Protein chains: 2
Amino acid sequence: MAGAGLSDLAVAVSEAGGLGSIPCAMLTPEGMRKEIGSFRERTQGPLNVNFFCHPEPAPNPAAEQAWRKRLSVYYVELGLDSNATSAAPPRKPFDMAACEVVEELGPEVASFHFGLPSAELLDGGKRTRAKVLSTATTVEEAKWLEGQGCDAIIAQGLEAGGHRGTFLGSEVWAQVGTFALVPQIADAVQVPVIAAGGIGDARGLVAALALGASAVLMGTAYLFCPESTISPLYRQSLANVPDNGTGLTNVFSGRPARGIVNRIVREVGPISDLAPDFPSAAEAIAPLRAASEARGSDDLMQMWAGQAAPLGRPQRAADFTKRVAREALDLMLVPNLD
Amino acid sequence: MAGAGLSDLAVAVSEAGGLGSIPCAMLTPEGMRKEIGSFRERTQGPLNVNFFCHPEPAPNPAAEQAWRKRLSVYYVELGLDSNATSAAPPRKPFDMAACEVVEELGPEVASFHFGLPSAELLDGGKRTRAKVLSTATTVEEAKWLEGQGCDAIIAQGLEAGGHRGTFLGSEVWAQVGTFALVPQIADAVQVPVIAAGGIGDARGLVAALALGASAVLMGTAYLFCPESTISPLYRQSLANVPDNGTGLTNVFSGRPARGIVNRIVREVGPISDLAPDFPSAAEAIAPLRAASEARGSDDLMQMWAGQAAPLGRPQRAADFTKRVAREALDLMLVPNLD
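Residues numbered from 1 in each chain as written. Chains lettered and ligands numbered in written order. Predicted model: local features only at pLDDT ≥ 70, side-chain atom pairs only at ≥ 80, totals over all residues. Heavy atoms only, no water.

**A word on the sheet that holds strand S7 (residues 193–196) of chain A**
Residues and elements named next belong to chain A. Selection criterion: The pairing criterion for strands is at least two bridges between them, as found by DSSP. Only DSSP runs of H or I reaching four residues or more are called helices, and only runs of E reaching two or more are called strands; each is numbered from the N terminus. Convention adopted: a line fitted to C-alpha atoms gives each axis, helices being fitted over their contacting stretch, and angles between N-to-C directions are expressed from 0 to 180 degrees.
Here we have 7 strands laid out as an open sheet, ordered S1-S2-S3-S4-S5-S7-S8, and parallel in their pairing. For this open sheet the edge positions go to strand S1 (20–23) and strand S8 (215–217), each flanked by a neighbour on one side alone. Taken pair by pair, the neighbouring strands of this sheet meet at an average axis angle of 30°, ignoring direction. Examined bridge by bridge, S7 and S8 share 3 bridges and lie parallel to one another. Bridging from a neighbouring strand, Ile194 pairs with Ala215 of S8.

Shown next, in the form of structure tokens:
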């Protein structure tokens, strides 16, 4: 949820009995210190910090240029300088600076996307005794992560919003749905499995547990909360997206990610061979996203969302978290614990 | 499951307490009479008959020729005459002849794929008091089917093997996973919802009920049973397919369907713009499929399978059906009813 939530959301979730998460992929070390510090000031609850750990691509001016050429029609339409850049923070992989923040501030859980960082960095994280999670989109990835010492595996079904965590080369067309993925990963590993993708309410929580998960990760559902940091226009589009209104696209970053299919996704993607390697594709798109939004149009915006988005409702994050837990217990015929 | 099972499988399922189904899309009226008659002789259980109801495409010699040209490399490789045709039965939509069989033999349930037949034909089916089911892959399709009077809706998530039931124009990239689809359709219609796609064992049954389904449709799991009519080579490939080893492809029929990704799917598809309209693409592929199998190679075979295929185990259909029900009751903490 990089860019979509900070400590306000994490505090609310952890105070309500969940595991609040601060997405750090687009934060500087100073930003991490600020958000984690704010979290610690406001709650005694446990904290997860989430990082990307992608390889940084080598500069590829030819690919960048071809990509800008493909997007030039939108630059012209919006009256932007064809070499415009964005002030938006780039996506950075977990590095020594981030590792030092983790060692210093000691979050209870550190979770990763796109595999795991190098053994040296991972050991640094482990010195803090943080539990380490990462994301699997296949049984093969889950086994690999368990072999590397992950304490739990996030089984990310293709319904999930945002980036596919895929790191062992599975194709876009081979992505597996949550319903099929969770039991197969649960059968394949000994560590707990956290189901992600398509889980929007208590029914999803109960179903995930039935499939063999020990917990669920809900993302899109929390975008509806007032504590999320998404823009009003994104929020409005999210409230109107139908079940089949999202798709996996690489046009915003260079890696497949699920978002609302709008004009630019339809016209340039959903998957474009021209998109430079992750995360470089974002550079030329970022000015278009900002200009589109400034004009009050979601045509060129990046709006990550999962396929259960239509189940979402505006509700405070603490209330939503407690409601899901209470309704799940009701569904499982467990006596109400209130 | 057209081509993958007949009355043997249906009898075993219905005797075990399920609803056995005879796929009729590739049967002549005489074939239907034979299979339904055989079913009635052997069990008092309820019967579902399943039909396709696609529009028959206008002849398109140019498209056919381009398709044969694309496939010619395989014809050459296998030493086949470039105009070879197949003796395999074509896929036929539900028509007056099929309707008369339904009226005559009175199955308890008639289910459809790709929408519904014309009102005239559907009324014919209803005169028999058969309950009418059809498949929805989106909320929009589910509402449409309910409006047409369907007695229950099959919510087909993209994990499902075989053809997508899509009939209101949703794109391949917009297909929705079972986990996200079932609760949204359950919220949108008043009639019972039958979950399909990714359901391979008792965990899947319990999860589907938690998501709001009233029943489940299991297909791929029954391919493993000795009563299924799939070939030994197909059976062997099915036993070895990984979670991410299937994909949606149109190369075998012209419509997206989930099958094992083998050489021809990788090389020609998964989705080919050259594939003629459903079901015409099958004509030029059929001789390749037969010749490939005759050589003991699955390279060019059509092998429908869902993403939960790795959960499948060879077991007699009656035993499997009872086991799923018993284990589901155990998971739901319901006292064992044996």
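**Things to note about the pattern of salt bridges**
When their charged atoms lie close together, side chains carrying opposite charge are able to pair. In plain terms, the rule: A pairing counts as a salt bridge when a side-chain nitrogen of Lys or Arg comes within 4 Å of a carboxyl oxygen of Asp or Glu. For each residue, the accessible area found with a 1.4 Å probe, counting protein chains only, is set against the maximum for its type, and the residue is called buried under 20%, exposed over 50%, and partly exposed in between.
One pass over the structure, following the stated rule, counts 22 salt bridges over all chains. Notably, a salt bridge pairs Asp8(B) with Arg42(B), separated by 3.0 Å at the nearest N-O pair. Highlighted residues: Asp8(B) in helix H1 (residues 7–15) and Arg42(B) in helix H2 (residues 29–42), separated in sequence by 34 residues. Overall, Asp8(B) belongs to the partly exposed group, its relative accessible area being 43%. Given a relative accessible area of 39%, Arg42(B) falls into the partly exposed group. Between Glu108(B) and Arg40(B) there is a salt bridge, with its nearest N and O atoms 3.2 Å apart. A residue pair is termed long-range when its members are at least 10 positions apart, and Glu108(B) in the loop between helix H4 (96–105) and strand S3 (109–113) and Arg40(B) in helix H2 qualify at 68 residues. Relative accessible area serves as the criterion here: at 27%, Arg40(B) is assigned to the partly exposed category. Through salt bridges with shared partners, a single network forms among Glu77(A), Arg263(A), Glu267(A) and Asp299(A).

**A look at the interface of chain B and chain A**
Let me state the cut-off plainly: Contacts are assigned to residue pairs that have any heavy atoms within 4.5 Å of one another. The term polar contact refers here to a pair of N or O atoms within 3.5 Å; inside protein, the definition further demands a hydrogen-donor-capable atom paired with an acceptor-capable atom, and it admits residues adjacent in sequence only when both atoms are side-chain atoms. Put simply, Ala, Val, Leu, Ile, Met, Phe, Trp, Tyr, Cys and Pro go in the nonpolar bin, Asp, Glu, Lys and Arg in the charged bin, and everything else, Gly too, in the polar bin.
Contact with chain B, which involves 37 residues of that partner, is made by 37 residues of chain A. At the boundary of chain B with chain A, the tally comes to 2 salt bridges. Linking Arg203(A) and Asp187(B) is a salt bridge whose minimum nitrogen-to-oxygen distance equals 2.8 Å. Run the count over chain B and chain A and you get 12 residue pairs in polar contact (both at pLDDT 80 or more). Listed by contribution, the elements that provide at least two residues to the side of chain B that touches chain A are helix H7 (178–188), helix H8 (202–210) and strand S9 (246–249) of chain B. For the side of chain B that touches chain A, the element with the most residues is H7(B), which contributes 7 residues. Across the side of chain B that touches chain A, the residue classes break down as 20 nonpolar, 13 polar and 4 charged.

**Re the packing of aromatic side chains**
Residues and elements named next belong to chain B. The line we're drawing: A pair of aromatic rings is counted whenever rings of Phe, Tyr or Trp (Trp by its six-membered ring) have centres within 6.5 Å, and the orientation is called stacked for planes under 30 degrees apart, edge-to-face for over 60 and tilted otherwise.
Applying the stated criterion to the full structure yields 19 aromatic pairs over all chains. Judged by centre distance (5.1 Å) and plane angle (90°), the ring pair of Tyr222 and Phe320 falls under edge-to-face. Here Phe320 lies in helix H13 (residues 317–331) and Tyr222 lies in helix H9 (residues 220–223), a separation of 98 residues in the sequence. For Phe320, a relative accessible area of 5% puts it in the buried group.

Keep in mind these numbers describe shape, not what the thing actually does.
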